[in-house]
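Understanding the architecture of this molecule
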Amino acid sequence: CEHLEAITSGDLTRLLINIPPGTMKSTLVSVFWPAWEWGPKGMPHIRFIGASHEQGLATRDTLKMRRLVTSDWYQARWPLGLTGDQNQKTYYENASTGFRQACAVASMTGRRGDRVAWDDPHSAESALSVAHRETALRVFQETLPTRLNNPDSSAIVIVMQRLHEADVSGFILENELGYEHLCLPMEYEAERCCVTSIGF
């Protein structure tokens, strides 16, 4: 959460999170964080693109966020209307020009966002395929950067479990691409202790 807050405050614009499955990574990054920016942080203009290796997973989290934002509890605290003509399962806009879009990695085209969150670029199966890994890396290098509103201030967050030495995380780390790396293993290993620029 502190690292996502650092993106909101503009202290980070590139973040790679490695964390095991079953730790609410999708809920935190793709549901709670954008809803927190729209409401409590007073940033309803933020445009958020959530991608995954599978359209169904991206749609799931977009729907969860819509349910949260339209709930009586949320609206009582941070009233924010969604526009009726753009209120779909995979895309909706709010009254302050912010939007939330869900897309599969392979079809990440069209709109540009202030936040692009890529949750699990690979499935456990596809990470074993050279062709699938190459596709994900091509999308990472060629498509992902073009989905940002502003290359200097818009943010990319990649959150995933490690699945292969040559997965998207491996490529980012090997090539030192300027991503803050937050690594939270299932079991703590002192010799691989994670240290980040925000003091974690």
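Structural data are supplied above this passage.
Note that the structure is a prediction, hence the values are computed from the model and not measured. (Residues numbered from 1 in each chain as written. Predicted model: local features only at pLDDT ≥ 70, side-chain atom pairs only at ≥ 80, totals over all residues. Heavy atoms only, no water.)

Remarks on the packing of helix H5 (residues 130–143) against helix H6 (residues 168–175)
The condition is simple: Angular values range over 0 to 180 degrees, each being the angle between N-to-C directions of two axes fitted as lines to C-alpha atoms, with helices fitted over their stretch in contact. For the purposes of this entry, the term helix denotes a DSSP run of H or I that reaches at least four residues, the term strand denotes a run of E that reaches at least two, and both are numbered from the N terminus. Angles below 35 degrees are treated as roughly parallel, those above 145 as roughly antiparallel, those between 65 and 115 as roughly perpendicular, and all remaining angles as oblique. Crossing chirality is assigned from the near helix's rotation relative to the far helix, an anticlockwise turn below a right angle marking it left-handed and a clockwise turn marking it right-handed. Any two residues having at least one pair of non-hydrogen atoms within 4.5 Å are treated as being in contact. For this scheme, ten residues count as nonpolar: Ala, Val, Leu, Ile, Met, Phe, Trp, Tyr, Cys and Pro. Four count as charged, namely Asp, Glu, Lys and Arg, and the remainder, Gly too, count as polar.
Two elements in contact, H5 and H6, have axes whose closest approach is 9 Å; the angle formed by their N-to-C orientations is 50°. Classified by the angle their axes make, H5 and H6 are oblique. In the packing of H5 onto H6, the handedness of the crossing is right-handed. Between H5 and H6, the contacting residues are Ala136, Leu137, Phe140 and Gln141 on the first element and Val168, Phe171 and Ile172 on the second. Taken together, the residues that form the contact of H5 with H6 break down as six nonpolar, one polar and no charged.

Quick word on helix H3 (residues 55–69)
The test is simple: In a helix, the anticipated span is given by 1.5 Å times the number of residues less one. Burial classes: relative accessible area under 20% of the type maximum marks a residue as buried, over 50% as exposed, and values in between as partly exposed (1.4 Å probe, protein chains only).
End to end, H3 covers 21 Å across 15 residues, agreeing with the expected 21 Å (1.5 Å per residue, within 8%). Taken together, the buried positions of H3 are occupied by Ala58, Thr59, Asp61, Thr62, Leu63, Met65, Arg66 and Val69.

Some points on the side chain of Asp119
How we decide: Under this definition, polar contacts are N or O atom pairs within 3.5 Å; protein pairs additionally need one hydrogen-donor-capable and one acceptor-capable atom, and for neighbouring residues in sequence, both atoms have to be side-chain atoms.
Along the chain, Asp119 falls in strand E6 (residues 115–119). Separated by 2.4 Å, the side chains of Asp119 and Ser26 make a polar contact. Filtering out sequence-adjacent residues up to four positions away, Asp119 remains in contact with Lys25, Ser26, Ser30, Ala51, Ser52, His53, Asp61 and Val159.

Side note on the nonpolar core
Applied cut-off: Take the buried residues of types Ala, Val, Leu, Ile, Met, Phe, Trp, Tyr and Cys, join any two whose side-chain atoms come within 4.5 Å, and each joined set is a nonpolar core.
Counting residues in hydrophobic clusters, the biggest one holds 21 residues, and the most contacted among them are Trp118, Phe140, Leu144, Ile158, Val168, Ile172 and Tyr179. Those elements that provide at least two residues to this core are strand E2 (47–52), strand E5 (99–104), E6, H5, strand E7 (155–160) and H6. When residues in this core are grouped by element, the largest group, four residues, is from H5. Of all hydrophobic cores here, the second largest spans 16 residues; its members include Ala6, Val29, Val157 and Val159.

With respect to unusual backbone geometry
Despite not being glycine, Thr97 shows a phi value in the positive range, around 75°. Secondary-structure assignment places Thr97 in the loop between strand E4 (91–94) and E5.

Observations regarding the pairing of E4
Put simply, the rule is: In this analysis, strands are considered paired if DSSP registers two or more bridges between them.
Note: E4 against E5, three bridges, orientation antiparallel. Of the residues in E5, the one forming a bridge with Glu93 is Phe99.

Focus: the packing of helix H2 (residues 25–38) against H3
Between H2 and H3, the least distance of the axes is 9 Å, while the angle of their chain directions is 35°. Considering only the axes of H2 and H3, their crossing is right-handed. Residues Ser26, Thr27, Ser30, Val31, Phe32, Pro34, Ala35 and Trp38 of H2 touch H3, and the partners they reach there are Arg60, Asp61, Lys64, Met65, Leu68 and Val69. Partitioned by chemical class, the residues of the contact of H2 with H3 number eight nonpolar, three polar and three charged.

Things to note about the state of the cysteines
Keep this limit in mind: Count a disulfide wherever a pair of cysteine sulfur atoms falls within 2.5 Å.
Applying the stated criterion across every chain, the model contains zero disulfides. Cys183 takes part in no disulfide bond, and the closest cysteine sulfur, belonging to Cys194, lies 6.1 Å away. By relative accessible area, which is 23% here, Cys183 ends up partly exposed. Unpaired in terms of disulfides, Cys193 finds its nearest cysteine sulfur in Cys194, a separation of 6.9 Å.

Description of the packing of aromatic side chains
Threshold: Geometry of aromatic contacts follows a simple scheme: Phe, Tyr and Trp rings, the Trp one being its six-membered ring, pair when their centres are within 6.5 Å, and the pair is stacked under 30 degrees between planes, edge-to-face over 60, tilted otherwise. A ring has a charge above it when a Lys NZ or an Arg CZ is no more than 6 Å from the ring centre and no more than 35 degrees off the ring normal.
All chains considered together, the criterion is met by eight aromatic pairs. Between the aromatic rings of Tyr91 and Phe99, the centroid separation amounts to 5.3 Å while the plane-to-plane angle is 45°, which identifies the pairing as tilted. Since its relative accessible area comes to 5%, Tyr91 is described here as buried. Aromatic side chains Trp118 and Phe140 sit 6.5 Å apart centroid to centroid with 15° between the ring planes, which places their arrangement in the stacked category. Here Phe140 lies in helix H5 and Trp118 lies in strand E6, a separation of 22 residues in the sequence. Residues Trp118 and Phe140 agree in their burial class; the two are buried. Among the aromatic side chains, those forming a connected cluster through ring pairs are Trp118, Phe140, Phe171 and Tyr179. Geometry around Tyr91 places Arg111 over its ring, the cationic atom sitting 3.5 Å from the centre.

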